[in-house]
Structures are given as C-alpha cells and as structure tokens.
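Coordinates in review
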There are 2 protein chains.
Amino acid sequence: MFMLNIRHILERARLYFGRKEIVSRTDEGYVRYTYRDMFDRVCRLINALEGLGIGYGDRVASMAWNTHRHLELHFAVPVMGAVLHTVNLRYSPEEMIYTINKAGDRILFVDPDMIPTVRKILEKLETVESVVIMSSKGHEDLGFNKPVYIYEELLEKSSSECRLRDIDENSPAAMCFTSGTTGFPKGVTYTHRGIFLRSLATCLADTYALSERDVILHIVPMFHISSWFMPYAATLVGAKQVLPGPRPKPEIIYDLIKKEGVTVSDGAPTVWIDFLNYLRTRGEKNIEPLRRLIIGGSAPPKALIKSYWELGVEVYHAWGMTETYDSAAAFTRPKSYLEDLSEEARLGLVAKQGLPFPGIEVMVVDESGKPLPWDGRSIGELLIRGAWVVEEYYGDPEATKKSFLNGWLRTGDLVTIDGEGYIEIVDRVKDVIKSGGEWISSVRVENEAMAHPAVLEAVAIAVPHPRWIERPLLIVKLREGYAGKVSKEDILGFLRERLPKWWVPDDVVFVDEIPKTGTGKFDKKVLRERFKDYYRGSGL
Amino acid sequence: MFMLNIRHILERARLYFGRKEIVSRTDEGYVRYTYRDMFDRVCRLINALEGLGIGYGDRVASMAWNTHRHLELHFAVPVMGAVLHTVNLRYSPEEMIYTINKAGDRILFVDPDMIPTVRKILEKLETVESVVIMSSKGHEDLGFNKPVYIYEELLEKSSSECRLRDIDENSPAAMCFTSGTTGFPKGVTYTHRGIFLRSLATCLADTYALSERDVILHIVPMFHISSWFMPYAATLVGAKQVLPGPRPKPEIIYDLIKKEGVTVSDGAPTVWIDFLNYLRTRGEKNIEPLRRLIIGGSAPPKALIKSYWELGVEVYHAWGMTETYDSAAAFTRPKSYLEDLSEEARLGLVAKQGLPFPGIEVMVVDESGKPLPWDGRSIGELLIRGAWVVEEYYGDPEATKKSFLNGWLRTGDLVTIDGEGYIEIVDRVKDVIKSGGEWISSVRVENEAMAHPAVLEAVAIAVPHPRWIERPLLIVKLREGYAGKVSKEDILGFLRERLPKWWVPDDVVFVDEIPKTGTGKFDKKVLRERFKDYYRGSGL
C-alpha cells in the first residue's frame, strides 16, 4: 500500500519545487536557499544522525526557533524513522526535564540562545547522550558533561547521498507535550499519516487554501506543535516559506512581509494585536501582499478581525488542541449562503470556532454522555475524533482512560453548536459554574465585566453555595486610578444589563493582583481554593 | 483508527450542508432536493438493499446516467459495505455480460432507457438475482426472467432510519472495468480510502479547487468511473451538484449553466467542442457563471483551450487512467513563476498532462526499467504509484503481473518529463515506432499529417523493416474532393518541414476508410496486421 508519509512530502518538493525558496532568519543573519538545497542538507543530516547512532523509533529533541535548521530536523528525523520531540521553549526548566526524560530523547538539538537553559537542565536529563548546537561555529566553555557537536560541522562532514526510507504511515513522526494547567504536561505522538492528512487538509480551497502561489510566514513557533505542522503543508504544495527566527518582533514581521512578499501567516491573537499596534504607531496602512491571517490558540477578538479587514486582510479562526495536531480541527469560513451577513453578524461568525475540517467529526454531549441538539443554545462538552486526532497519551494509560470515551476525545471544552454546524466554545468544563442545575459561562461573565471601563482584569469563578450548589463570584482588578471610585454595585448593575439574571455574580471582590499560571492565564484553581468558603452560610 | 470512508463524506454533507441543493434531470423531469433529502433517501435505499439480501462485500451493478438516483446508489451501496459496479453503457452487450458475470453482481439497477439492452443480456447474466428499474412507475411486459422492482416503490416501503456502518477504509467501495482495446475489459476495485483521498485531493487550492461555493455540473458519466468520483468530492465540501441525466446535449448544458449557476464542469474534449459549436451557432458569448473546465479522457486541443479562455473560462487538463481513479493523477496548473509565459507557451503547458497530484508519484523508465532523466526529451514509459492507484486487476493475477513492476503501475504511455516535472504523453507503448533504436511518436506524426488541408484522418503505424527493424507507414483518408489531387509526395514534403528527418514515414497509403475500435479510436492493430509485409525487402 502507498504510505502517507513525510518522505513523500519531501520528495515532492525536491522534484517539483526545487527552485522555490526558503528564507530563514537566524542569529547569524539571513539564509536564503531552495528546496533543492534543503533536500541536500536533509540528506546530510540523516547521514549525520545515523552516524550519531540514531535509528528507527529513536527520539530526537529540539529546543529551537523557526529557522531553516529546525525545518531540516522536521524532515530528517521522521524520514529516517525517528521521532522529533519539539521541546516547548516556554516551559519551566522542571517541565523541560520532565518531558525530555519522559520522551527518552537521545540527542538534543539546541539553538545558541538556549545554551544557558541547557546548562541548567543537562545534568538531570537521563537519556540524552549528546547535544548539537544549531550553529555554524563552536561555542567555547559550554561546560556540558556530554559530547557537543556543531550542526554545520556535522552536515559538512556528511554525504549528501541518501536513500529515503518509506516509513509505515502509522509510525510516530513527532511528539509534543500539552501545556497542562494541572500537574505535569501530557505527551502525544503524531504519526506520518496524521501529519500528511493534516497538511493536505489545510491546502483545501475551503480551509487555509495554502497553495504553491502563496508565500507563508511561519509565526507559530515550531517548538509549539511544529508551527501547527504548516511547514509540511507548505512543502507539500511547494509554497515559498519564510522562517522568522528567534523572537520575531513586529518590525521583523513587517520587513519580512514586504521584502519576501508574504501572502499568508498564522499565529495567536496577541502576536497580531502587537503587530497592529506597531502599524498604528508608524501610521502604516499598507501591508500588501499579505492577504490571509489564520488565527489560532484562542479566538480572534472582533476588534482584531475588523482592523485586519480594514487593511484588506481576511482573518480566519482555526481551532484545535495539542491532541488534534493543533489548529486544524475546525475553521471559520462563512458558507456561501452566509456571505451576505451584516458586518456584525459576520464578525460573530468568524470569531466562532467554526465547522470541522473534512476528516474531523464532533459531538456535543451532556454530563451523562448523551448527545445534545445543535441549536446554538444547548451547552455540553465537545467530543472529537478524526483522521488527525490522537487516540492516547504517551505512556499514560490513566490520562488516556480519563480523556477518551468510546474512541472520542473529551476536549474539556463546553460548547454550543448551531443549526449550521458552527461550534462556539462557551467555557472550559473545569471553569464553568453550575448554579441550580444551570450552566453559567465564566468566560462570558468575564468578557462582559472587562467591558466595564474601570475593570482591567476580571475572573469569574464557581464558589460552593449551600442553596444553588455553586454561584459565581467575580474577582476584579481595577484600572489605575479607579480604586475607591467604583463600587461592587456599579459593576453588578453593569452586568445586570448584559447577562441573564441568574448569571450575574452574587458578589465582587476587588484585588490588587490576580494570580496567573506559567503561560499567563488566570489561575482559577488558586482563586477557587482561596474563596471556597466565601458563600458559606449564604441564602439559607 | 479513524477510517477514511464514504460514511464520513455522507454524514458531513447531512450535518453541515443539509440545506444545499442537488438538481437532477431524469426522463420523468427535473428533481430538486437537498443533501438532507438525499441522506433520508440513501437510508431508505440501504434498508431496501438489506431487504433484498445485500450485505457486506456483495456486488451491486448499475446501468444508469447521471441522476439523483444513481448518486444515491453511490452512497447507499458502499456505506453498507457492498460494492457498486457501474457498468459502462457504451459497452457492447458481450462486454456487459462479461463484466457483470466477472464482478458477480447480485442486483442490477437500470435506467428505463436501458431496458431494451437488459432484455438482450439478462438471460446470460449468471449471478444477477433481480432487477431494479430506476423510475417511479412500473413498466409492463418487461419479459424479464428475474424479479423486477421499482426504485421509488422500494424507497417508499423502506424506513428512513438507519445506522451507518463505519467500514474499514481498505474495503472495496466501487468497481469498474477498463476499456481495453485488446481482449475483454480488466476489472479494478476502488477502496473507501482511495475514494476519500482522491476526493480530498481534488478540493485542493492547487488542483480542481472544488469548494462549497462551487456549483458543479457532472458531465463525465457516472457509468464511467463514477463521474471521476467527483460526486464524492462535491458532497465532501457541500457544493451544489447538477446531474444532467441521460444524453446531455449542448442546449441542456447551456440551460443548466444559466439556470443553476454552474461554476465548474468536467468532461472529455469532444463534449466541450460540441458545446463550443453550439455557442457559435447561436452567436452566444456569455456562459457566466461558468469559470473552470476540467478536461480529461484525452488532452484538450489548444484551439479548445483558447476558445474557452476567450469566454472567460479557465481550462485545466486532468490526466489519469481507470487504474488511477481516473483523472486525478496529474494536473496542469502553471506554477506561479510560469504564469507570465506567452500565450502560445502557456497553451502548450496546459495541454500537457501536468504535475502529479500530492499523493501520486511517477517515474519514466527505458525498456530495461532504468529511470530516465527529466529533461523534456528522453522518452520512456510512465510508471505510477500513489494513494489512489490500484495495485491489482480484479481476479486477474496474470494481467496484474504484466502491468505492475515493484509496486509501480506500468501505464503503457510513453512520455517525456521536463525539468519542471511536467509530464507529456508522446505515444502509447504499443503504438510507438522503434526505428533503428530510436523512438518515433505515432501521435505526433499523425497530428502533423492531419494539419495538412487535404487530410481528414491519418494513422502512423510501425511496419517491420529489414534494416531499421521498424519504419513508419502513414495511412491517410483524404477529405472529400481531394482524391487524385494530392500525391504521396505532397504529404511527405509537408511532413519533412515539420518532423525530424527520420520520423518522416517511408510511404503513404491512401484508403477510403480507416478501421476503428468500438470506442471510435483508430484500430492500429488491424492496420499493423494488414500492412505487416509492406516494407519487406526494403532498404537492403
């Protein structure tokens, strides 16, 4: 049987798009080469890895930014049958140590600016045998207790002749760890088949529509689920790729768009909000030839969508999770007969999580697992399965058992699905407030509260309540200068005009600081613990 | 594992595109309904088929045009695990009998206008147990010796409640027979996986780009490799589908484009040449909203491409074979950096067979199986493999052995591949002329000869030659009124200006009629036999 694997993607680029370019920003400057050059270097890298003893099924870790060297690793490692573990650079040292040991990585490829981090963790890495610095020159006095190699030296010494293996499509090609808010991250492995199919699916006319004519700027970090695997999709269709290197600032993004002719890019809303602010500061209104932005990670705020529309850029929201090969589970492109919606309605639609990709299936179920109607009102947990949805956690049967239900992944997201099939996330299961048998979306309460001019940050949490089981409590950090000038009643009155009656929190607590998790999200767990007795004795 | 099957395609259309339309022209008038209606009727059909004893792996035959009922069969039969054998209506009665017996079909679904044909062959069908007339009313005095059912009566009596089976993706879903020019047709089976992947691949931005926004008119007959499986692709993305029914004439095509808003269609060049002639006769220059034509079966003549460009329609050539799920093996869309070609160069490019689809791989090899360079000059046989290329002939190990080489299908086509990877078919292996170790393309010789104003039809065949092993002989049928006014030397002189010296035939034979095969192609086999001694004793 013909195997859906990464070898095919790589060879296709060499054979048909050998002249197309890849541009990479590294801390040694810009590198510009062709797919043919990349192929040559991937072959050298395969031979180098074999020389270092890497074989089928072995784990290779990377701690790297979006550069051509990281791209080469994305091909060499899986094509030789090994597995690329992209370590999240935003992890704490403890999380890095845990995930690298859990994966059992044998070699660590690191960008030069990660050397200080490696120095901190290397002693505790149980399976790592050697370190490769992704650079062209040596770095003295590293003080590592393992052999150290230089990437470019390895390549130079290796032959560019190699025979690509035709790996079984169900073999693992990559692995990642979720950014769990509780406990240590959970690992998932991605197969050749899943990556191939996800790549194909993002080149559909009705999704990202990635094409050979596109120039794609990879803003999503390759250490975050391989930049959503978009480098594979781009290679499959032979699009020109632009890799923005370490910590791409708005001015770098702007320059790359202009100099390299970027037509499509992706990323989390924050990156593109920063970019808008940069444009505004400069009074810049022309970002041609950029035409499409794929926003994932969280939903694009309506203001962001509108601002980019005004710049002539289409904004799409791609929704997904680590377990769904990231943002290729659902996509918001209005159906043909919904294109004439009012701007406001269209904004609302684009900010939803959208329709599942072909190859992805969803259900919304109540707490007993019973399917709920698709009426845009019934709230339940989203279940998902599909051609690129993982079916287990790596080496963690307990987490697997907890998160999968008859072959469906429990997303932990509470959603509604409307009559057209558009999914909208209402809350996380663990954050929702269950009051007297009704669900209250903490997210919506927070969004409305943060619309109040005095409110900088607001968190709505469930607090145990003797009569209603749970009732919402609102924790508020005021904007500077508002302390003492705004009362609880002001905030609650504001919310009463905007929320169903029973959604309005029973009380408001003003705080100086709201606790946050390592990834910058509100730490609701800490708050729930702190305020767990707040309503004790209420209402009876 | 999540299965890539037709159930997913069907359910996706019900869930997300339930309101979108399907329009069908039948001999009882036009039928217009939604995907939701189709789903309901497919469920009834599944129940009806179960009632008739059809189960997993059973073969069901259809002899039908492009109608909604044939579309329903395309879902009901494979979704229940059975196999739809679409009988080619252009076959001779003998070929129909052979293929139906070879497939072992248990039920025969026939359009009313095929009843006379069925009457001729039914006695000889060894496995067929019953016949279903695809109609809403009875037809008296059929004189069939098997039970006869009426399609609409079967559906009416059946429940619309059904549970769809999640068939293994490697199960057969459909089968077809090649139109072999020698001996009986060879059968192939198509899997759920292959159909799913082929469908996905034709919705890519870089190929057919089929989208929810499209309205597709299925001109390729569903009895010919399921209209290239395009009804599945259209259902997957929820495009509006237009089924033109029995023998669609140009005036019907025109009406459907205008009334239903057709944006994309497909077919063999002849259909679209006839359509052009119809437009010219009527002085019609506006065929909006038609935007894209996918031409397959044979390469689109340059004049056709140009005429449609003038009408504002893009023409793409999709190349394939019965063994490659038809026209989804290669596709001609100029690469981004080739878009600025001169019109003539662009015409030449679009008329080539193009670049392989993602998921398809090719090689060009010499007679010993050695790969040849991609230089646009080296001629060899095209080998192909891929995610939707069959790996055997049905129940025919001998033909399988002959046609497959280390997992590659020998296409029987002689091609060149240029430096950009564009494939161009030069000749069929069995028709090429091997002269003194060099290959001469019979197709090119014929094309040049037919450009002579006096020549109506020309065939170039290989004739054994004592010195050169083979030399070309040209068989010519002159246009009316030219007999006696044109000499052999006129024709040869004309060719000498247009062909490499050694490609010019040694002689010309004028004939009144050129023998043709059942499918209307020149019967070169008969001609080679007739003229096999023509050069005996030459040149020594």
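Here the structure is a predicted model, which means the values were calculated and not measured.

Some thoughts on the overall build of chain A
- Summing up its helical and strand segments, chain A has 17 helices and 26 strands in all.
- Its C-alpha radius of gyration of 24 Å places chain A within 12% of the 24 Å reference for a compact globule of 540 residues.
- Each of the 540 residues in chain A was classed as buried or not, and the buried ones make up 61%.
- Element-wise, carbon and sulfur atoms account for 49% of the exposed surface of chain A, whose accessible area totals about 21,100 Å².

Some details on the interface of chain A and chain B
- Each partner contributes residues to the interface: chain A has 48 residues there, and chain B has 48 residues.
- The junction of chain A with chain B conceals about 4,300 Å² of combined surface from both sides, 55% of it contributed by carbon and sulfur atoms.
- Considering only the surface of chain A that becomes buried against chain B, F2, Y16 and R213 of chain A emerge as the three largest contributors, covering 16% of it.
- At the boundary of chain A with chain B, the tally comes to eight salt bridges.
- As a salt-bridge pair, R193 of chain A and E169 of chain B come within 2.6 Å of each other at their nearest N and O atoms.

Quick notes on the domain arrangement of chain A
Residues and elements named next belong to chain A.
- For chain A, the domain assignment lists domain 1 (6-267), domain 2 (357-428) and domain 3 (433-530).
- Both sides of the domain 1 and domain 2 interface together cover about 1,100 Å² of buried area, and 72% of this is carbon and sulfur.
- Summed over the three residues of domain 1 that lose the most area to domain 2, namely K102, K186 and V188, the buried surface amounts to 35% of that side.
- At the boundary of domain 1 with domain 2, the tally comes to two residue pairs in polar contact (both at pLDDT 80 or more).
- Looking at the side of domain 1 that touches domain 2, the elements with two or more residues in it are α4 (93-103), β9 (187-191) and α7 (192-202).
- Sort the elements by how many residues they give to the side of domain 1 that touches domain 2 and α7 lands first, with five residues.
- Taken together, the residues of the side of domain 1 that touches domain 2 break down into eight nonpolar, six polar and four charged.

Description of the pattern of salt bridges
- Taken as a whole and assessed by the stated rule, the structure comprises 91 salt bridges over all chains.
- Linking R7 of chain A and E361 of chain B is a salt bridge whose minimum nitrogen-to-oxygen distance equals 2.9 Å. Note that R7 of chain A is positioned in helix α1 (residues 6-17) and E361 of chain B in strand β17 (residues 360-365), a pairing that runs across two chains. For the pair R7 of chain A and E361 of chain B, a shared accessibility class is recorded, and that class is buried.
- For E381 of chain A, the salt bridge identified is with R410 of chain A, shortest N-O distance 3.0 Å. Residue E381 of chain A is located in strand β18 (residues 380-386), and its partner R410 of chain A is located in strand β20 (residues 408-417); the two are separated by 29 residues in the primary sequence.
- Given a relative accessible area of 9%, E381 of chain A falls into the buried group.
- Connected via shared salt-bridge partners are R7, E11, R14 and D166 of chain A together with E361 and R385 of chain B.

Some points on helix α2 (residues 35-51) of chain B
All names here are of chain B.
- Here α2 spans 24 Å end to end across 17 residues, near enough to the 24 Å set by a 1.5 Å rise per residue.
- Of all the residues in α2, the buried ones are Y35, M38, F39, R41, V42, C43, L45, I46, A48 and L49.
- One or two positions beyond α2, positive phi appears at G53, with a value near 90°.

Considerations on the packing of aromatic side chains
- Applying the stated criterion across every chain, the model contains 44 aromatic pairs over all chains.
- Arranged with centres 6.3 Å apart and planes meeting at 85°, the rings of F357 of chain A and W388 of chain A form a pair that is edge-to-face. Note that F357 of chain A is positioned in the loop between β16 (355-356) and β17 (360-365) and W388 of chain A in the loop between β18 and α14 (397-403), a separation of 31 residues in sequence.
- By relative accessible area, W388 of chain A is classed as buried at 2%.
- Ring centres of Y534 of chain B and Y535 of chain B lie 5.6 Å apart, and the angle between their planes is 75°; this geometry places the pair in the edge-to-face category.
- For Y534 of chain B, a relative accessible area of 32% gives the class partly exposed.
- Its end group placed over the ring of W468 of chain A, R467 of chain A keeps NZ or CZ at 4.9 Å from the ring centre.

Let's talk about the relation of the copies chain A and chain B
- For the pair chain A and chain B, the relating rotation is 180°, the translation along its axis is 0.0 Å, and the fit reaches an RMSD of 0.1 Å. The superposition of one copy onto the other is thereby described by a two-fold rotation axis.
- When you check the interface residues of chain A against chain B, 100% turn up at the interface there too, and the contact is symmetric in its surfaces.

Structural notes on the sheet that holds strand β3 (residues 59-63) of chain A
Residues and elements named next belong to chain A.
- Spatial ordering of the open sheet is given by β7-β6-β5-β3-β4-β8-β9, a layout of seven strands whose pairing is mixed. The strands lining the two open edges of the sheet, one partner per strand, are β7 (148-150) and β9. Within this sheet the neighbouring strands show an average axis-to-axis angle of 25°, counted without direction.
- Bridge analysis of strand β8 (residues 172-177) against β9 gives five bridges, and the strand direction is antiparallel.

Some points on the confidence of the model for chain A
- Mean pLDDT over chain A: 94, with 98% of residues reaching 70 or higher.
- The complex model carries a pTM of 0.93, and its ipTM stands at 0.93.

Brief notes about unusual backbone geometry
- Cis geometry is found at the peptide bond from E288 of chain A to P289 of chain A, where omega equals 0°.
- Structurally, P289 of chain A can be placed in the loop between α11 (269-282) and β13 (292-295).
- Its identity as a non-glycine residue notwithstanding, I225 of chain A has a phi of 50°, on the positive side.
- Looking at the secondary structure, you find I225 of chain A in helix α8 (residues 225-228).
- One non-glycine residue, F229 of chain B, lies in the positive phi region at around 65°.
- By the element assignment, F229 of chain B lies in the loop between α8 (225-228) and α9 (230-237).
- Among the residues examined, F229 of chain B registers a relative accessible area of 1% and is labelled buried.

Things to note about the state of the cysteines
- All chains considered together, the criterion is met by two disulfides over all chains.
- Disulfide pairing places C43 of chain A opposite C162 of chain A at an S-S distance of 2.3 Å. Taking the sign of the S-S torsion, -45° for the link of C43 of chain A and C162 of chain A, the bridge is left-handed. You can see C43 of chain A sitting in helix α2 (residues 35-51) and its partner C162 of chain A sitting in the loop between α6 (151-157) and β8, a full 119 residues away along the chain.
- By relative accessible area, C162 of chain A is classed as partly exposed at 24%.
- No disulfide involves C176 of chain B; its sulfur sits 20 Å from that of C203 of chain B, the nearest cysteine.

Brief notes about the pairing of strand β15 (residues 326-331) of chain A
Residue and element names in this part refer to chain A.
- When you tally the buried positions in β15, you get six out of six residues, the bulk of the element.
- Between strand β14 (residues 314-321) and β15, which follow one another and run antiparallel, lie four residues, and Y325 among them has a positive phi close to 55°.
- Here β15 pairs with β16 via two bridges, running antiparallel. Residue F331 lies in a different strand from β16, and its bridge partner there is L355.

Overview of the sheet that holds strand β16 (residues 355-356) of chain B
All names here are of chain B.
- Taken in spatial order, the nine strands line up as β2-β1-β11-β10-β12-β13-β14-β15-β16 in an open sheet, and their pairing is mixed. Two strands close off the open sheet at either side, each with one partner strand: β2 (29-34) and β16.
- Strand contacts of helix α10 (residues 250-260): β1 (21-26), β2, β10 (215-217) and β11 (240-243), with the helix running at about 170° to β10, the strand carrying the most contacts.

What about the packing of helix α10 (residues 250-260) of chain A against α11 of chain A?
Residue and element names in this part refer to chain A.
- Remark: α10 packs on α11, axes separated minimally by 9 Å, with the N-to-C direction vectors making an angle of 80°. Compared by their axis directions, α10 and α11 come out roughly perpendicular. Here α10 contributes P250, E251, I253, Y254 and I257 to the contact with α11, which in turn contributes V271, W272, D274, F275, Y278, L279 and R282.
- Of the residues contributing to the contact of α10 with α11, the split by class is nine nonpolar, no polar and three charged.

Re the nonpolar core
- One finds F109 and Y190 of chain A together with F109 and Y190 of chain B to be the most contacted residues of the largest nonpolar core, which totals 202 residues.
- Not counting the four nearest positions on each side in its chain, Y190 of chain B is found in contact with S171, P172, A173, A174, M175, C176, I195, I225, F229, T322, Y325 and V390 of chain B.

Comments concerning the side chain of S158 of chain A
- Among the secondary structure elements, S158 of chain A is positioned in the loop between α6 and β8.
- Apart from residues no more than four positions distant in its own chain, S158 of chain A is found in contact with R44, N47 and A48 of chain A.

Overview of the environment of D111 of chain A
Residue and element names in this part refer to chain A.
- By secondary structure assignment, the location of D111 is in the loop between β5 (107-110) and α5 (115-121).
- A residue is classified by how much of its surface remains accessible, and D111, at 5% relative accessible area, is buried.
- Beyond its immediate chain neighbours, meaning those up to four positions away, D111 contacts M63, A64, W65, T67 and M134.
- One polar contact links the side chain of D111 to the main-chain amide nitrogen of W65, over a distance of 2.8 Å.

Rules used in this analysis
Residues numbered from 1 in each chain as written. Chains lettered and ligands numbered in written order. Predicted model: local features only at pLDDT ≥ 70, side-chain atom pairs only at ≥ 80, totals over all residues. Heavy atoms only, no water. Helix = DSSP H or I, 4+ residues; strand = E, 2+ residues; numbered from the N terminus. Rg over C-alpha atoms; globule rule 2.2 N^0.38 Å. Buried < 20%, exposed > 50% of the residue type's maximum accessible area, 1.4 Å probe, protein only. Areas by Shrake-Rupley, 256 points an atom, 1.4 Å probe, with all protein chains shown as cover. Contact = heavy atoms within 4.5 Å. Buried area = accessible area lost by both parts, 1.4 Å probe. Salt bridge = Lys/Arg side-chain N within 4 Å of Asp/Glu carboxyl O. Domains from an automatic or database assignment. Polar contact = N/O pair within 3.5 Å; in protein donor to acceptor, adjacent residues only side chain to side chain. Nonpolar A, V, L, I, M, F, W, Y, C, P; charged D, E, K, R; others polar. Expected span 1.5 Å × (residues − 1). Phe/Tyr/Trp six-rings, centres within 6.5 Å; stacked < 30°, edge-to-face > 60°. Lys NZ or Arg CZ within 6 Å of the ring centre and 35° of its normal. Least-squares fit on C-alpha atoms with pLDDT ≥ 70 in both. Pairing = 2+ DSSP bridges. Axes fitted to C-alpha atoms, helices over the stretch in contact; angles between N-to-C directions. pLDDT = per-residue confidence, 0-100. Disulfide = S-S within 2.5 Å. Parallel < 35°, antiparallel > 145°, perpendicular 65-115°, else oblique. Core = buried A, V, L, I, M, F, W, Y, C linked by side-chain atoms within 4.5 Å.

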